[in-house]
Structure formats: C-alpha cells, structure tokens
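Fold and contact review
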Amino acid sequence: MPANGDFAFRDFEVVRGERWAQSYVVGVVEAYEWANISADLEGRARAFCETEVVDYQFVVSLVDMYVAADPSKRGEMSVGLLVLSALQDRFPC
C-alpha cells in the first residue's frame, strides 16, 4: 500500500481477498460514517444516507457495480474515492 494510505482500484482487485484489504475498506466506510455523524451534530449535509447495514461484502459489491456501470473508473481511481462515490450513488440524501 502506498505511503499516503490509499491505493488504486486496479491494485485492490489483486488483493481484495486479503484480510488487510478487507480491513482497509471497513476502515474507509467507518471513517465516512463518522464524518456523517459529525455532519449531523454540526448541522451540515451528510455525504450519503445509508438505509441498511453496510458491511465489507456489501460495499465491495457496490463498488463493483459502480465500476461496471462506468469502466473508466477502473484503474487509477483510489479505492477510498470509489467507496465514497458508490455509497453516494446507492444512498443519496
């Protein structure tokens, strides 16, 4: 994983079954959920408004569908940004 803590989707496709990669995605989702909690407390807009439990398998399937709908997102786009974009697409506010 690069020093900045994020990596490209093409790299994630290779390691998605590794425990550390799964933990990374879960951590990304939890960070976005905490950002939503902070937004709620401060009266700001949420990034996304989930209506169901979000776990690793669910998020990865959302990202896969998001990328399948627009293959230009495959490759160098960061996993963190893809996770956020897929969540926003699935759970708009």
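Right, let's walk through the structure included here. Since the structure is predicted, the reported quantities are computational estimates derived from the model, not experimental observations.

Quick look at the overall build of the chain now. The number of helices and strands found in the chain is 4 helices and 0 strands. Traced from its N-terminal end to its C-terminal end, the chain shows the element sequence α-α-α-α. In terms of its C-alpha atoms, the chain occupies a principal-axis envelope of roughly 40 × 30 × 20 Å. A burial count over the chain gives 37% of its 93 residues as buried. Partitioning the contacts of the chain with sequence separation of at least 6, the portion at a separation of at least 24 is 65%. In the structure as shown, the chain presents an accessible area of about 5500 Å², 56% of it carried by carbon and sulfur atoms.

Okay, helix H4 (residues 79–90) next. The first and last C-alpha atoms of H4 sit 16 Å apart over 12 residues, in line with the 16 Å expected at 1.5 Å per residue. By the burial criterion, the buried members of H4 are Val-79, Gly-80, Leu-82, Val-83, Leu-84, Ser-85, Ala-86 and Leu-87. In this structure, the buried side of H4 is in contact with helix H1 (9–15), helix H2 (19–42) and helix H3 (56–69).

Overall, the coordinates contain 7 salt bridges when judged by the stated rule. Between Arg-46 and Glu-50 there is a salt bridge, with the nearest N and O atoms lying 3.4 Å from each other. The class for Arg-46 is partly exposed, based on a relative accessible area of 26%.

Next up on the list: H3. Along its 14 residues, H3 runs 20 Å from first to last C-alpha, staying within 8% of the 20 Å computed at 1.5 Å per residue. Three or more residues of H3 are buried, namely Tyr-56, Phe-58, Val-59, Val-60, Leu-62, Val-63, Tyr-66 and Val-67. Elements that come into contact with the buried residues of H3 comprise H1, H2 and H4.

Looking now at empty space enclosed by the protein. Taken as a whole, this structure holds 1 cavity of 30 Å³ or more when the rule is applied. Looking at the largest cavity, its volume works out to about 40 Å³. If you list the elements that add at least two residues to the lining of the largest cavity, you get H1, H3 and H4. For the lining of the largest cavity, the element with the most residues is H3, which contributes 3 residues. Considered class by class, the residues forming the lining of the largest cavity number 8 nonpolar, no polar and no charged.

Parameters at a glance
- Residues numbered from 1 in each chain as written.
- Predicted model: local features only at pLDDT ≥ 70, side-chain atom pairs only at ≥ 80, totals over all residues.
- Heavy atoms only, no water.
- Helix = DSSP H or I, 4+ residues; strand = E, 2+ residues; numbered from the N terminus.
- Buried < 20%, exposed > 50% of the residue type's maximum accessible area, 1.4 Å probe, protein only.
- Contact = heavy atoms within 4.5 Å.
- Areas by Shrake-Rupley, 256 points an atom, 1.4 Å probe, with all protein chains shown as cover.
- Expected span 1.5 Å × (residues − 1).
- Salt bridge = Lys/Arg side-chain N within 4 Å of Asp/Glu carboxyl O.
- 1 Å grid on protein atoms, 1.4 Å probe; cavity = no way out; pocket = protein on both sides within 12 Å on 5 of 7 lines; lining within 4 Å.
- Points joined across faces, edges and corners; volume = space filled by probe spheres on them.
- Nonpolar A, V, L, I, M, F, W, Y, C, P; charged D, E, K, R; others polar.

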